[in-house]
Structures are given as C-alpha cells and as structure tokens.
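Listed here are the chains, written in short residue letters.
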Amino acid sequence: MSEKRILLVVNKFSYPPVDGGTAAVASLVDLLSKIGKVSVFTPDTPKNTVKNEISNIEVHSFPIDTEKNRKRFLFQQFFIPLQALQYIDENGLSLFRRLVEEFVPDVIITNTPFLSLLIEKSFPGLKYILRSENIEYKIWEYRSEVSAEGFTEKIKFKVYSRIVRRYETKVWQKAEKILHISQRELTEIIQAIGNSQKVHYLPYAFPDTFFEQVKYIDYNDIPRLYFIGAFDWAPNFYSMVKFLSEEWEKIVTHFPSIQYIITGKKVELLRRYFGGRILKNVVLLDSPPSPIIVIKNSDILLSPVKWGSGVSIKVLEALAAGRCVIATVESARDIHIGRECGLATYSTTDELIEHLSFFIDKRIRRKAGEKAKEYMINNHSYRSVMPLLHSLL
C-alpha cells in the first residue's frame, strides 16, 4: 500500500506548540505523520514557528497583510465564519492551488469552511475532511451572545464593535469576489457543510510518553488549584480578571487554606492589571519550562474561562494526568464525563464551591483521578485515536 499524502491547512502552527490551539495542531500533525507524508499550509506570522523538525512533514507558509494581522485580535472577540480570509489574499490562494497541484494530496484536512468551499470549487472530486471542533459558524453564533462579557467598559465595547463591523463588511466583500457568491448564499453553504458527512470530529490525543510522565503523581492533603494558559489570549485574560475580581474572595471565605497557582504565557499582564495588588491565596508564576511541573505539584485544574476553545486542551491534559477538573461549562464543552470521573462543570460560584467541597477529600480526588486517566487512555491516546484516522483517510 502506497504512503498517504495528507495536506493539512491551519491558521496557526508552531512546533513546539506555544498555546492550546497550536498544541492541538501539533498533536494532529504528529499522528498524521505516522500514517503518511504530511504537508502543512499555514500563514507566516511571528507565532507560527517551527524550531524542531518532525519526521515525514514539510511546512509551507505564505505571507500575510500586516494590516490584517494587526486587526487579528478583533476576531478573537467577534468571530465570523470566514476566519481564513483575515489572512489569505489572492497571492495566498494562488500558493495554495500550486501546492495542491505539486503535492498531489490524497486528502486535505482543514478547519475552515471557506477553504473547503475553495477546494470544492478548484479541485472537484478531491477528498477533504473538515475538523469539526472549529466549525466557525457555530462558534460565531455562540460568541455573538457572549463577546461583550469580556469588556468591562461599555464604551470600549461599542468602539470595538464599530471597528469590527466595518472590517467584517470588507471581509464579506472579499469572499464574494473570490467565490462569486453572495453573503447569504455563502452562510447557507457553510451551515450545510457543518451538517454534511465531510465533517468529522478529530479528538485531541496524547502520546504514550505523556502518560509515562504522569504515571506516578501524589495528592496534597489540602487541594492546590492551578490554571495554565496564555494571557495574551483575550478569553483567558478577561475571564481570569472577572473571576479574581468577582468570585475568588467568596471561595477563599469558604476555603481559607486553599491556594490558586496561575501560570502561563504573559502572566505579567495579570500582574499589571491588578497593579501589584496582593490577591489572597493567589500565586502568579512565570511560565514554567514544562506544564508537567505544575500539574504534578497541584491537585485540581480550576478553569473560569467563559469563551474560546484553547483551554479545552488544558482540561484534557489535566484529566490525562489524573488530576480533577472544575471548569465552566464553556471550558469543558464536548468532554462528556461526570464528577465521579474527575470533571465537574459549573455556571455559578455556589456550584463551584459545592464541587470544591466534594473534591476536598484526598481519597475522592485520587479515585476520580484514576478514572479520569483511564478514560483518557481509552479515548484520547494515540493508540485509541489511530483507528479513527485510518478509517477517515
């Protein structure tokens, strides 16, 4: 049997990964490289760096308009169904078509409906898979309800709204020009793609080496909470600010000895926001060389993130390490296990406190953590995900 040729189109790729989004892509690339030859097509941005080589893959980047890149943060708040168009212009599309013609892939995997439309239009009959954890119109509809929550000042929200709406109009006009299709027709097609047989959920998976690293972990008598995230990512930053400002004091009143370790990329942004003010029982740590160090010395991942998708990788990482998780419903969406298996979700502060009361006993945490790790090995390890990839490809 000849080796599969797989073209993966992603809006960001960094190896080693630098955040939840790039961690998900790096895991998928690693898996795919064990099945066939992988070519990655991604924008050329400062965050998209490949420092270590991965066998059996090649990376092709394309230049982007710096003006679009400066406005990228706006799309983190007000997602629209054409994410790829904030990067790709006619030159990028030309490079993509040339890569397809030269690489001759057996299958293309992408996370944007826009590119799947382009594939159908330019290469009829070519097999493609749309990664469903990023079906953009669903995320767009969801974020339209919560995007204002991250901003504490209504005036700021209104200003950003006007900027985004103007930019959104330009992007739609660009889509119509490239695809020769109206905004209404394009939205309907994107929604149809989301319900089609071409969409598949490709679960995040951990290699055996990760499970070996967390094979032996201990539990503290008083549970130590932790959170690892990139705080230059707006959902993490604004959610944590809101949580520490409005909810943490009530939690410490109920559990005066409990400690919350917050670490990750750009944690200094939190320090700057709180102006050096000491938050009771909160420790802000600079990003550690490896998240395993924090995970091994903590007990419960507490995620207050209200929107965004990158933190779900950290939820899975904690469960795979045998750690319990207390998280907002949004942080843990699409992860369907109960509290007895280590995952408790909450919508209110009182629910969070009730979950902490449940996990306060070290024996309960150990038992739930063991079940969590078993679930992850059976559903999110390389060996469990590989049969699904083989069947799709």
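Summarised in this report is the structure supplied together with it. From a predicted model like this one, the values you see are computed outputs, not experimental measurements.

1. A word on the environment of serine 257
Argument step 1. With respect to the helices, strands and loops of the structure, serine 257 is situated in the loop between helix H11 (248-254) and strand S8 (259-264).
Argument step 2. On the accessibility criterion, serine 257 (53% relative accessible area) is exposed.
Argument step 3. Here serine 257 is in contact with Ile222 and Asn281, once residues within four sequence places are set aside.

2. Side note on the side chain of arginine 339
Argument step 1. With respect to the helices and strands, the residue arginine 339 is situated in the loop between strand S11 (324-328) and strand S12 (343-346).
Argument step 2. Engagement of the side chain of arginine 339 in a polar contact is seen with the side chain of glutamate 354, the distance being 2.8 Å.
Argument step 3. Beyond its immediate stretch of four places on either side in the chain, arginine 339 contacts Ala344, Glu354, His355, Phe358, Phe359 and Ala368.

3. A few points about the packing of aromatic side chains
Argument step 1. Inspection of the entire model under this criterion finds 13 aromatic pairs.
Argument step 2. Measuring from centroid to centroid gives 4.8 Å for phenylalanine 206 and phenylalanine 210, while their planes differ by 35 degrees, and the two rings are tilted.
Argument step 3. A centroid spacing of 5.1 Å and a plane angle of 80 degrees characterise the contact between tyrosine 273 and phenylalanine 274, whose relative ring orientation is edge-to-face.
Argument step 4. Members of the aromatic cluster, joined through ring pairs, are Tyr204, Phe206, Phe210 and Phe211.
Argument step 5. Taking NZ or CZ as reference, arginine 5 lies 4.3 Å from the ring centre of phenylalanine 103, over its face.
Argument step 6. Sitting above the plane of the phenylalanine 358 ring, arginine 339 keeps its charged end 3.8 Å from the centroid.

4. Let's talk about the environment of serine 61
Argument step 1. By the element assignment, serine 61 lies in strand S3 (residues 57-62).
Argument step 2. A relative accessible area of 44% means that serine 61 is categorised as partly exposed.
Argument step 3. Separated by 17 residues in the primary sequence, serine 61 and aspartate 44 place their C-alpha atoms 5.1 Å from one another.
Argument step 4. Sequence-distant contacts of serine 61, that is, excluding residues within four places in its chain, are made with Thr42, Pro43 and Asp44.

5. What to know about the sheet that holds S11
Argument step 1. One open sheet accounts for six strands, arranged S9-S8-S7-S10-S11-S12; its pairing is parallel. For this open sheet the edge positions go to strand S9 (282-286) and S12, each flanked by a neighbour on one side alone. Going across the sheet, the axis of each strand differs from the next one's by a mean of 25 degrees, ignoring polarity.
Argument step 2. Where strand S10 (residues 300-303) lies against S11, four bridges are found, and the strand directions are parallel. From the neighbouring strand, serine 303 faces S11, where its bridge partner is alanine 327.
Argument step 3. Across the sheet, helix H10 (residues 234-246) touches strand S7 (224-228), S8, S9, S10 and S12, and the angle it forms with S8 is around 160 degrees.

6. Quick notes on helix H17 (residues 382-392)
Argument step 1. Every buried residue belonging to H17 is among Tyr382, Val385, Met386, Leu389 and Leu392, and all of these are buried. Along the axis of H17, the buried residues cluster in a sector spanning 125 degrees; they form a single face. In H17, the exposed positions that point more than 90 degrees away from the buried face belong to Arg383, Pro387 and Ser391.

7. Brief notes about the pattern of salt bridges
Argument step 1. By the definition in use, this model includes 13 salt bridges.
Argument step 2. Measuring nitrogen to oxygen at the nearest pair gives 3.4 Å for the salt bridge that ties aspartate 232 to lysine 265. Highlighted residues: aspartate 232 in the loop between S7 and H10 and lysine 265 in the loop between S8 and helix H12 (268-273), separated in sequence by 33 residues.
Argument step 3. In this structure, arginine 339 and glutamate 354 form a salt bridge, with 2.8 Å as the shortest nitrogen-oxygen distance. On the criterion of sequence distance, the pair formed by arginine 339 in the loop between S11 and S12 and glutamate 354 in helix H15 (residues 349-359) is long-range, its members being 15 residues apart.

8. Focus on unusual backbone geometry
Argument step 1. One non-glycine residue, valine 104, lies in the positive phi region at around 50 degrees.
Argument step 2. In this structure, valine 104 sits in the loop between helix H4 (90-103) and strand S4 (107-110).
Argument step 3. With phi around 60 degrees, lysine 266 is a residue other than glycine that occupies positive phi space.
Argument step 4. Here lysine 266 is to be found in the loop between S8 and H12.

Rules used throughout
- Residues numbered from 1 in each chain as written.
- Predicted model: local features only at pLDDT ≥ 70, side-chain atom pairs only at ≥ 80, totals over all residues.
- Heavy atoms only, no water.
- Helix = DSSP H or I, 4+ residues; strand = E, 2+ residues; numbered from the N terminus.
- Buried < 20%, exposed > 50% of the residue type's maximum accessible area, 1.4 Å probe, protein only.
- Contact = heavy atoms within 4.5 Å.
- Polar contact = N/O pair within 3.5 Å; in protein donor to acceptor, adjacent residues only side chain to side chain.
- Phe/Tyr/Trp six-rings, centres within 6.5 Å; stacked < 30°, edge-to-face > 60°.
- Lys NZ or Arg CZ within 6 Å of the ring centre and 35° of its normal.
- Pairing = 2+ DSSP bridges.
- Axes fitted to C-alpha atoms, helices over the stretch in contact; angles between N-to-C directions.
- Arc of directions from axis to C-beta.
- Salt bridge = Lys/Arg side-chain N within 4 Å of Asp/Glu carboxyl O.

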